[in-house]
Amino acid sequence: MSQLSPIEISNWIAIYLAAGLCCAIAMALSVSVTLHGLWRDRAWAEVGTLKGAVLFLPKAWWRWQKLYLLSTPVTLGIVGYFAASMAWR
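Side note on the nonpolar core
Phase 1 of the analysis: In this structure, Ile15, Cys22, Val79, Ala83 and Met86 together form the largest nonpolar core, which totals five residues.
Phase 2 of the analysis: In contact with Met86, other than residues within four places in its own chain, are Asn11, Ala14 and Ile15.

Points about the pattern of salt bridges
Where charged atoms from two side chains of opposite charge come close, those side chains can pair.
Phase 1 of the analysis: All chains considered together, the criterion is met by three salt bridges.
Phase 2 of the analysis: Among the salt bridges present, the one from Arg40 reaches Asp41, with a minimum N-O distance of 3.6 Å.
Phase 3 of the analysis: Residue Arg40 is classed as exposed on the basis of its relative accessible area of 54%.
Phase 4 of the analysis: Among the residues examined, Asp41 registers a relative accessible area of 42% and is labelled partly exposed.
Phase 5 of the analysis: Close ionic contact of Glu46 with Lys59 constitutes a salt bridge, the shortest N to O distance being 3.5 Å. A residue pair is termed long-range when its members are at least 10 positions apart, and Glu46 in the loop between helix H1 (6-40) and helix H2 (50-70) and Lys59 in helix H2 qualify at 13 residues.
Phase 6 of the analysis: Overall, the relative accessible area of 45% leaves Glu46 in the partly exposed class.
Phase 7 of the analysis: The exposure class assigned to Lys59 is partly exposed, which follows from its relative accessible area of 46%.
Phase 8 of the analysis: Through salt bridges that share partners, Arg40, Asp41 and Arg63 make up one connected network.

Overview of the side chain of Thr34
Phase 1 of the analysis: Topologically, Thr34 is positioned in helix H1.
Phase 2 of the analysis: For Thr34, a relative accessible area of 6% gives the class buried.

A closer look at helix H3 (residues 72-84)
Phase 1 of the analysis: For H3, spanning 13 residues, the distance from its first C-alpha to its last is 18 Å, which sits close to the expected 18 Å at 1.5 Å a residue.
Phase 2 of the analysis: All of the buried residues along H3 are Thr75, Val79 and Ala83. An end-on view of H3 places all buried positions within 60° of arc, on one side of the element. Residues Pro73, Val74, Tyr81 and Ala84 are exposed on H3 and point more than 90 degrees away from its buried face.

A word on the packing of H1 against H3
Phase 1 of the analysis: Packing of H1 against H3 leaves a shortest axis separation of 10 Å and a crossing angle of 155°. Taken together, the axes of H1 and H3 are roughly antiparallel relative to one another. For the pair H1 and H3, the crossing hand works out as right-handed. Of the residues in H3, those touching H1 at Ala14, Ile15, Ala18, Ala19, Cys22 and Cys23 are Thr75, Ile78, Val79, Phe82 and Ala83.
Phase 2 of the analysis: Its residues assigned to classes, the contact of H1 with H3 shows 10 nonpolar, one polar and no charged.

Thresholds applied
- Residues numbered from 1 in each chain as written.
- Predicted model: local features only at pLDDT ≥ 70, side-chain atom pairs only at ≥ 80, totals over all residues.
- Heavy atoms only, no water.
- Core = buried A, V, L, I, M, F, W, Y, C linked by side-chain atoms within 4.5 Å.
- Buried < 20%, exposed > 50% of the residue type's maximum accessible area, 1.4 Å probe, protein only.
- Contact = heavy atoms within 4.5 Å.
- Salt bridge = Lys/Arg side-chain N within 4 Å of Asp/Glu carboxyl O.
- Helix = DSSP H or I, 4+ residues; strand = E, 2+ residues; numbered from the N terminus.
- Expected span 1.5 Å × (residues − 1).
- Arc of directions from axis to C-beta.
- Axes fitted to C-alpha atoms, helices over the stretch in contact; angles between N-to-C directions.
- Parallel < 35°, antiparallel > 145°, perpendicular 65-115°, else oblique.
- Left-handed = near helix turned anticlockwise from the far one by under 90°.
- Nonpolar A, V, L, I, M, F, W, Y, C, P; charged D, E, K, R; others polar.

This is the structure we're talking about:
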């Protein structure tokens with residue numbers, strides 16, 4: 001850590017905090033949209049059968065994963081723009 005100046009250390013900490021905050025927002029939004037989609041499609045109606053019960057969790061997991069992974073370019077753009085706007089000297 002002796003190679004980094006105090007400004008660089010604080011900038012890296014700020015970048016990690018920004019990335020964590022963006023990921024937390026993306027997680028909350030993807031979970032809420034997934035739950036709304038499951039509610040709108042009445043996905044729990046299929047749980048009455050054995051096949052529906054076995055496939056419910058993978059279907060819900062896939063919905064959430066798809067939504068969360070779609071937020072990756074937005075998160076990278078926000079954090080990249082934030083990092084580019086910092087003074088590194």
